Amino acid sequence: MAEAKKAAPKRKTTAKRKPVARKATTARKTAAKQTVSLQGRMTEASRNAFLASLGFYGMAFDQFQGQIKTVETELTARRKKADKLYADMVKRGQKVEKQAKTAIDDIDLPKLEVAALDRAKLEAQLEKARARFAELKGSVGFKAAA
């Protein structure tokens, strides 16, 4: 019969390749994870910086409010003290006024009447004073102004 068919030579089995593409995919995933991780850390850091500055302003506001309350308390106390002092001064002023009026009423002052003045008597005194002045002027040696 015929000729026997020759069997095809057996192929050598090759060793399995290591999946290089898989390593590249893993490296990409790792890089992607690191990027996401870095981005997350940066976002968190920027948020924390914002919150820190907001906290700083909050603390400054609280301190300012405390100082305002302290000043308001002191101002209220000083106003009360000033009102009391003012009332005391008014009372003292009323007492002094009363004492002064009493002292003035107790003084006996002669009542001068303009109509009762004697013109001739005043003229005589004036002449007497002029004569005395002229006498003193002569004794000191004053000369009339040029």
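A closer look at the overall build of the chain
Along the chain, the regular secondary structure elements total 2 helices and 0 strands. Total accessible area on the chain stands at roughly 15400 Å², and carbon and sulfur atoms take up 61% of it.

Section: the packing of aromatic side chains
Counted by the stated rule, this structure contains 1 aromatic pair. Considering the side-chain rings of Phe56 and Tyr57, the 5.5 Å spacing of their centres and the 70° angle between planes classify their relative orientation as edge-to-face. Taken as a pair, Phe56 and Tyr57 share a single burial class, namely exposed.

Re the pattern of salt bridges
Within this structure, the stated rule accounts for 4 salt bridges. The residue Asp88 makes a salt bridge to Lys84 at a minimum N-O spacing of 3.8 Å. Placement of the pair is Asp88 and Lys84 together in helix H1 (residues 20–106), with a separation of 4 residues, close to one helical turn. The partly exposed category is assigned to Asp88, whose relative accessible area is 35%. A relative accessible area of 56% means that Lys84 is categorised as exposed. A salt bridge links Glu97 to Lys101; the shortest N-O distance between them is 3.8 Å.

What about a nonpolar patch on the surface?
A surface patch of nonpolar side chains, about 290 Å² in accessible area, is lined by Phe50, Leu51 and Leu54. Checked against the element boundaries, Leu51 lands in helix H1.

Procedures and definitions
As a convention, each chain's residues are numbered from 1 in the sequence order in which they are written. Per-residue local features are limited, in this predicted model, to residues with pLDDT of at least 70; the limit for side-chain atom pairs, both in listing and counting, is 80 or more; totals at the level of whole chains, interfaces and linings are taken over all residues. Note that the side-chain values use all heavy atoms of the structure and ignore hydrogens as well as water. Here a helix means four or more residues in a row that DSSP labels H or I, a strand means two or more in a row labelled E, and each is numbered from the N terminus. Accessible areas in this description were obtained via Shrake-Rupley with a 1.4 Å probe; residue shielding takes into account the shown protein chains only. Each Phe, Tyr or Trp ring (for Trp, its six-membered ring) is paired with any other whose centre lies within 6.5 Å, and the angle between the two planes then decides the class: stacked below 30 degrees, edge-to-face above 60, tilted in between. Each residue is assigned to one of three classes by its accessible area relative to the maximum for its type, calculated with a 1.4 Å probe on protein chains only: buried under 20%, partly exposed between the two thresholds, exposed over 50%. The rule for a salt bridge is simple: a side-chain nitrogen of Lys or Arg has to be within 4 Å of a carboxyl oxygen of Asp or Glu. Patch membership is restricted to residues that have no salt bridge and whose relative accessible area is over 30%. Joining uses 9 Å for like charges and 5 Å for the nonpolar side chains Val, Leu, Ile, Met, Phe, Trp and Tyr.

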